[in-house]
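Here is how the chains run, residue by residue.
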Amino acid sequence: MKNKIALVTGGTSGIGKEIVKELLDKECIVITCYHDNDDAANETKEEFNNDNLFIIKCDISNEKEVIDMFNIIKDKYGHIDYLVNNAGMFIDDFIKDFNIDNFRKVIDTNLIGKVMCTKYAYPIMSDGGAIVNISSHLGVVPCTESPAYCAAAAGIINFTKATALEYAERKIRANSICPAFTPTPLSLKGWKQEEIDQKLKDTPLCRFATPEDTAKLCLFLLSDDASFITGENIWLNGGRLNN
Ligand SMILES: NC(=O)c1ccc[n+]([C@@H]2O[C@H](COP(=O)([O-])OP(=O)(O)OC[C@H]3O[C@@H](n4cnc5c(N)ncnc54)[C@H](OP(=O)(O)O)[C@@H]3O)[C@@H](O)[C@H]2O)c1
């Protein structure tokens, strides 16, 4: 993976930050973007202190900003080898109470944002490149009070398969990962403590997923070790198969 160029969206926190770390450890050149938390972006830059890391502020739900980001990447690096569509957000409510603008915000970020990055990456992706989309456990098994998040995550799984079919003409692979609950700023904001305790009880392997679990699987799927795997969705859940 040395010297491969990767774009990881949402790499200034949680799961994305760990993916950035592991790619830098493999001596990749890593570009990442974030939405509005400048402090987290500055901390990430300082913490990694690595010339191979380039951080861009870009709202992936905004098409113009996505186009601008890919133009910047093209001018600076010429191409990318890997795309990790990780950035996401969480707004919860019951369907009957959901503010429709908020529902759209979740779909625009968690689904359309990943779609736009996949579209605009295509012209600058090297043949034989790889895409990993971070979906969610909730894309396979829904829960109450997160209908927008569940819908976007489910959409990503099949969008990944459609991408795999279309991009195979240039040997670009696309796979998705569905991590179960992983303690990060996103999930800790989204769930009450009693719900978190229940998730642990429901997990046969008796622990939560970690950002490292997802990052290690992501790096495997990007690597040549996974060169015949495309259109696959991998559920990363410690055995929580039915809820
Ligand atoms: N944590 C879990 O339990 C869990 C489980 C399954 C799947 N996932 C998925 O894993 C991914 C990462 O989640 P996480 O828990 O690591 O979240 P996190 O810690 O909140 O980090 C989210 C990252 O995405 C960025 N981001 C959010 N909205 C964005 C936008 N519109 N444009 C660009 N960047 C944006 C954030 O930047 P700012 O900080 O600037 O907003 C941040 O860097 C998400 O797709 C999530 O759905 C998480």
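Higher on the page you've got the structure.
First, a word on scope: everything that follows refers to the structure included in this document. Worth saying up front: this structure is predicted, and the values here are computed from it rather than measured.

**Points about the overall build of the protein**
Moving on, step 1. Of the regular secondary structure elements, the protein holds 8 helices and 7 strands.
Moving on, step 2. Relative to its length of 243 residues, the protein is compact, with a C-alpha radius of gyration of 17 Å against a globular reference of 18 Å.
Moving on, step 3. Expressed as a percentage of its 243 residues, the buried residues of the protein come to 52%.
Moving on, step 4. Accessible surface for the protein amounts to roughly 11,700 Å². Of this, 51% is attributable to carbon and sulfur atoms.

**Side note on the site of the ligand**
Moving on, step 1. Close to the ligand lie 29 residues, the nearest being Ser 13, Asn 86, Tyr 149, Thr 182 and Thr 184.
Moving on, step 2. The separation between a nitrogen atom of the ligand and a polar side-chain atom of Asp 59 is 2.9 Å.
Moving on, step 3. Thr 182 is positioned with one of its backbone polar atoms (N or O) 2.8 Å from an oxygen atom of the ligand.
Moving on, step 4. If the ligand stood free it would expose 900 Å²; the protein chains cover 92% of that surface.
Moving on, step 5. Mapping the ligand onto the cavity grids shows that it belongs to the largest pocket.
Moving on, step 6. Where the shell around the ligand is concerned, the elements lending two or more residues are helix H1 (14-25), helix H4 (100-121) and helix H6 (185-190).
Moving on, step 7. Of the residues that constitute the shell around the ligand, the class distribution is 12 nonpolar, 14 polar and 3 charged.

Cut-offs and rules
Residues numbered from 1 in each chain as written. Predicted model: local features only at pLDDT ≥ 70, side-chain atom pairs only at ≥ 80, totals over all residues. Heavy atoms only, no water. Helix = DSSP H or I, 4+ residues; strand = E, 2+ residues; numbered from the N terminus. Rg over C-alpha atoms; globule rule 2.2 N^0.38 Å. Buried < 20%, exposed > 50% of the residue type's maximum accessible area, 1.4 Å probe, protein only. Areas by Shrake-Rupley, 256 points an atom, 1.4 Å probe, with all protein chains shown as cover. Near = heavy atom within 4 Å. Polar contact = N/O pair within 3.5 Å; in protein donor to acceptor, adjacent residues only side chain to side chain. 1 Å grid on protein atoms, 1.4 Å probe; cavity = no way out; pocket = protein on both sides within 12 Å on 5 of 7 lines; lining within 4 Å. Sits in = over half its atoms within 2 Å of the grid points. Nonpolar A, V, L, I, M, F, W, Y, C, P; charged D, E, K, R; others polar.

Honestly, it's all geometry; don't read function into it.
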